[in-house]
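Coordinate analysis (summary)
Below, each chain spelled out in residue letters.
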Amino acid sequence: MAGTPALEIRDLHAWYGESHVLHGVDMVVQPGEVVTLLGRNGAGRTSTLRAILGLTGSRKGHILINGVETIGMPTHRIAHQGVGYCPEERGIFASLSAEENLLLPPALKGAGQGMSVAEIYEMFPNLEERRHSPGTRLSGGEQQMLAVARILRTGARLLLLDEISEGLAPVIVQALARMIHTLRAKGYTIVMVEQNFRFAAPLADRFYVMEHGRIVEAFGAKELDSKMPVLGELLGV
Ligand SMILES: Nc1ncnc2c1ncn2[C@@H]1O[C@H](COP(=O)(O)OP(=O)(O)O)[C@@H](O)[C@H]1O
Ligand SMILES: [Mg+2]
């Protein structure tokens, strides 16, 4: 019997102003799972991550984090349930050094102990080399690693990662894949939004496919081969 899911979303609706963008999303993620949310542009993947954190205009339904209903909570209280969000735009502070960016986030009360800067540098040796470089001088790959590293500092155990491989060179994408493997081995729960199917496919335990603000397919890694024709239709992969 499965225990309490790390994330359970039931009948989630979300709006930006008058615009109804999520139409009843259902999704369950067990602790330690890596789940990938696939879909075409505009399908509602980013909105789903944002809705989990209460960052859309308004939302309705149920979002349980480790069994705790968070639908009525403000964003900072949701984050304190141990959720780390890495937005597509990464949010690195350009005028601060890599290390200053790392030292910014406060530890989350109630969440597990965050990684120390030493542990971060062990996992991302190139960030240590670049510790004194300003955010603007970091490469896209370094910025992406820094954006993920920063949420690891907070003690978040549920990581919401939006298109982390986007626009990065293949060698960097490989490094990000190794990072996901390492985080998985350390027991983090990961929900990744990805456009890059070839990056996501070997990493995920399970997949959800969104279309028009709804989940239209849900399957495990073992079913991936048999789902390829459907994915071809839905995503053009
Ligand atoms: N800030 C916003 N205001 C209004 N509509 C938005 C906003 N962000 C996204 N949308 C709309 O919500 C829908 C889902 O978008 P999004 O969640 O960004 O999709 P995805 O991440 O899958 O590409 C789209 O129709 C998009 O135009
Ligand atoms: Mg998006």
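First things first, this report covers the structure right here in the doc. (Residues numbered from 1 in each chain as written. Chains lettered and ligands numbered in written order. Predicted model: local features only at pLDDT ≥ 70, side-chain atom pairs only at ≥ 80, totals over all residues. Heavy atoms only, no water.)

1. Overview of the pairing of strand β10 (residues 214-220)
Side-chain positions along a regular strand alternate between the two faces of the sheet. In terms of strand pairing, strand β9 (residues 206-211) meets β10 through six bridges, oriented antiparallel. Following the sheet pairing, E211 is matched in β10 by R214. Taking the residues that link successive antiparallel strands as the turn, the β9-β10 hairpin has two residues, and the phi of H212 there is positive, at about 50 degrees. (Pairing = 2+ DSSP bridges. Helix = DSSP H or I, 4+ residues; strand = E, 2+ residues; numbered from the N terminus.)

2. What to know about the nonpolar core
Side chains of nonpolar character tend, in soluble globular proteins, to be buried together. Within the largest apolar cluster, 40 residues are counted, with the highest numbers of intra-cluster contacts made by L152, L161, I180 and L183. Elements supplying a minimum of two residues to this core: α3 (98-103), α4 (117-123), α6 (140-153), β7 (158-162), α7 (170-185), β8 (189-193) and α8 (197-200). The residues touching I180, leaving out its near neighbours within four places in the chain, are V34, L161, I164, I190, M192, F199 and L203. Within the second largest apolar cluster, 27 residues are counted, among which are I9, A51, V191 and V193. (Core = buried A, V, L, I, M, F, W, Y, C linked by side-chain atoms within 4.5 Å. Buried < 20%, exposed > 50% of the residue type's maximum accessible area, 1.4 Å probe, protein only. Contact = heavy atoms within 4.5 Å.)

3. Considering the pairing of strand β6 (residues 83-86)
Burial along β6 is two-sided: the face carrying V83 and Y85 and the face carrying G84 and C86 are both buried. The pairing of β6 with β7 spans four bridges and is classified as parallel. Counterpart to V83 in the pairing with β7 is L158.

4. Focus: the packing of α6 against α7
For the pair α6 and α7, interaxial distance at closest approach is 10 Å and the crossing angle is 15 degrees. The angle between the axes of α6 and α7 places the two elements in the roughly parallel class. Of the two possible hands of crossing, α6 and α7 adopt the one that is right-handed. Of the residues in α7, those touching α6 at G141, Q144, M145, V148 and L152 are I172, A175, L176, M179 and L183. Each residue belonging to the contact of α6 with α7 can be placed in one class, and the counts come to eight nonpolar, two polar and no charged. (Axes fitted to C-alpha atoms, helices over the stretch in contact; angles between N-to-C directions. Parallel < 35°, antiparallel > 145°, perpendicular 65-115°, else oblique. Left-handed = near helix turned anticlockwise from the far one by under 90°. Nonpolar A, V, L, I, M, F, W, Y, C, P; charged D, E, K, R; others polar.)

5. Focus on the sheet that holds β6
Strand order in the open sheet formed by six strands is β6-β7-β8-β3-β9-β10, and the pairing between neighbours is mixed. Lying at the two open borders of the sheet, with one neighbouring strand each, are β6 and β10. Direction aside, neighbouring strands of the sheet carry axes that sit 15 degrees apart on average. Relative to β8, strand β3 (residues 34-39) runs parallel, the two sharing four bridges. Considered in β8, the bridge of T36 is made with M192. Sheet strands in contact with α6 are β6 and β7, and its direction is about 165 degrees off that of β6. Packing of helix α9 (residues 224-235) onto the sheet brings it into contact with β3, β9 and β10, and relative to β10 it is tilted by some 155 degrees.

6. A look at the sheet that holds strand β5 (residues 68-69)
Pairing is antiparallel across the open sheet formed by four strands, whose spatial order is β2-β1-β4-β5. Either end of the sheet is taken by a strand with one partner, and the two such strands are β2 (19-29) and β5. Bridge count between strand β1 (residues 7-16) and β2: eight bridges; the pairing is antiparallel. Looking at β2, one finds that L12 is bridged to V25. Running over the sheet, helix α1 (residues 45-52) touches β1, β2 and β4 (58-65) and is turned about 105 degrees from β1.

Fair warning: the whole summary comes from geometry, so function is off the table for now.
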